[in-house]
Amino acid sequence: MVKIAVLVSGGGSNLQSLIDAVESGYIKNGKIELVISNKADAFGLKRAEKHGIKSLFVNPKEFKSPQEYDAHLAKTLNASGINLVCLAGYMKILTKEFIDGFNNPIMNIHPALLPSFGGKGCYGLHVHEKVLEYGAKVTGCTVHFVDYGADTGPIIMQEAVSVSADDTPETLQKKVLVYEHKLYKEAVKLFCEGKIKLEGRIVKISGEN
Ligand code: GRF
């Protein structure tokens, strides 16, 4: 059984889709053990509580630096025997202390087709604003492993979404989110089934050519 921790800062609709996927048996070999937030009022924490999942608010103000904060999180996750961390709207860049300190893989979902529209400043509604400003006709979402860079880790899965002439950042965000919910649970399911392997920066999924 893969023990999963989900890190959230906000609404947590991606967290909810993972919770639902576990509860419905879509994700068979995984269990969400822990939800952590850097924001006391993150709705994601309430979602976890509602489903009987241990939830923790870890206050960044109680730590001297982001590095100390991250080292503490990594220690907590290791001590809980977590095998996979899923970032789901976690609005904090992970430092080296987290990435090196946590013993197992970390996944993230990004609301665009990486490597486009990722990195510094590309978060939340800004991503969709940039897609529209650029005039891209296709956008989408990406699930990837986390490395030291911002949105640069190995790509696990992607899904494309068409941009319409009348899209606004808000409508695009809503459209993409629907696909995020499908993609993230699929990636986590495959991970829990042991079907995702990393060769260099290339992700191989068993059963795919
Ligand atoms: C999603 O668009 C996700 O791709 C991004 O942050 C947003 C979080 O939304 N990283 P939610 O909190 O899961 O509803």
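Refer to the structure above for everything that follows.
Criteria and cut-off values
Residues numbered from 1 in each chain as written. Predicted model: local features only at pLDDT ≥ 70, side-chain atom pairs only at ≥ 80, totals over all residues. Heavy atoms only, no water. Helix = DSSP H or I, 4+ residues; strand = E, 2+ residues; numbered from the N terminus. Expected span 1.5 Å × (residues − 1). Buried < 20%, exposed > 50% of the residue type's maximum accessible area, 1.4 Å probe, protein only. Arc of directions from axis to C-beta. Contact = heavy atoms within 4.5 Å. Near = heavy atom within 4 Å. Polar contact = N/O pair within 3.5 Å; in protein donor to acceptor, adjacent residues only side chain to side chain. Areas by Shrake-Rupley, 256 points an atom, 1.4 Å probe, with all protein chains shown as cover. Nonpolar A, V, L, I, M, F, W, Y, C, P; charged D, E, K, R; others polar. Salt bridge = Lys/Arg side-chain N within 4 Å of Asp/Glu carboxyl O. Phe/Tyr/Trp six-rings, centres within 6.5 Å; stacked < 30°, edge-to-face > 60°. Lys NZ or Arg CZ within 6 Å of the ring centre and 35° of its normal.

Draft legend 1. Here's a closer look at helix α3 (residues 66-79). Taking 1.5 Å of rise per residue, the 14 residues of α3 would be expected to cover 20 Å, and the 20 Å separating its terminal C-alpha atoms lies within 8% of that figure. Every buried residue belonging to α3 is among Tyr69, Asp70, Leu73, Ala74 and Leu77, and all of these are buried. The arc that holds the buried residues of α3, viewed along the axis, is 135 degrees, so those residues lie on one side. Of the exposed residues in α3, those oriented more than 90 degrees away from the buried face are Lys75 and Ala79. Looking at the buried side of α3, the elements it contacts are β1 (2-8), β2 (30-37), β4 (84-87) and α4 (96-101).

Draft legend 2. Region of the structure containing the site of the ligand. Taken together, Gly11, Gly12, Ser13, Asn14, Gly89, Ile109, His110, Pro111, Leu177 and Glu180 make up the full set of residues near the ligand. Serine 13 places a side-chain nitrogen or oxygen 2.5 Å from an oxygen atom of the ligand. Asparagine 14 is positioned such that a nitrogen or oxygen atom in its backbone is 2.8 Å from an oxygen atom of the ligand. Notes on the ligand: free accessible area 370 Å², of which the protein chains cover 81%. Elements supplying a minimum of two residues to the shell around the ligand: α1 (13-23), β5 (106-110) and α6 (169-192). When the residues that make up the shell around the ligand are grouped by side-chain class, the tally is 3 nonpolar, 6 polar and 1 charged.

Draft legend 3. Examining unusual backbone geometry more closely. The step from leucine 114 to proline 115 runs through a cis peptide bond, and the omega angle for that step is 10 degrees. Within the secondary structure, proline 115 sits in the loop between β5 and α5 (125-134). At phenylalanine 117, a position not held by glycine, the phi torsion is positive, near 55 degrees. Position of phenylalanine 117 among the secondary structure elements: in the loop between β5 and α5. Of note, aspartate 151 is a non-glycine position whose phi angle comes to about 65 degrees, a positive value. Along the chain, aspartate 151 falls in the loop between β6 (138-145) and β7 (155-162).

Draft legend 4. Seen up close, the pattern of salt bridges. A full pass over the atoms with the stated rule returns 6 salt bridges. Lysine 31 is paired through a salt bridge with glutamate 33; the nearest N and O atoms lie 3.8 Å apart. Among the residues examined, lysine 31 registers a relative accessible area of 42% and is labelled partly exposed. Taking relative accessible area as the criterion, glutamate 33 reaches 27% and is therefore assigned partly exposed. With its nearest N and O atoms 2.8 Å apart, the salt bridge here joins aspartate 100 to lysine 96. Highlighted residues: aspartate 100 and lysine 96, both in helix α4, separated by 4 residues, approximately one helical turn. Given the relative accessible area of 40%, aspartate 100 is considered partly exposed. By relative accessible area, which is 51% here, lysine 96 ends up exposed. One network of salt bridges, with partners in common, ties together Lys189, Glu193 and Lys195.

Draft legend 5. The packing of aromatic side chains, seen in detail. Scanning the entire structure with this criterion turns up 3 aromatic pairs. On the numbers, 5.3 Å between centres and 90 degrees between planes, the contact of phenylalanine 63 with tyrosine 69 is edge-to-face. Classification of tyrosine 69 as buried rests on a relative accessible area of 1%. A ring pair is formed by phenylalanine 117 and tyrosine 134, whose centres lie 5.9 Å apart and whose planes are at 80 degrees; its orientation type is edge-to-face. Here the residue phenylalanine 117 occupies a position in the loop between β5 and α5, and tyrosine 134 occupies one in helix α5, the gap between them amounting to 17 residues. A cation over an aromatic ring shows up here: lysine 185 above the ring of tyrosine 26, its NZ or CZ 5.1 Å from the ring centre. Seen from the ring of tyrosine 26, lysine 189 lies directly overhead, with NZ or CZ sitting 4.7 Å from the centre.

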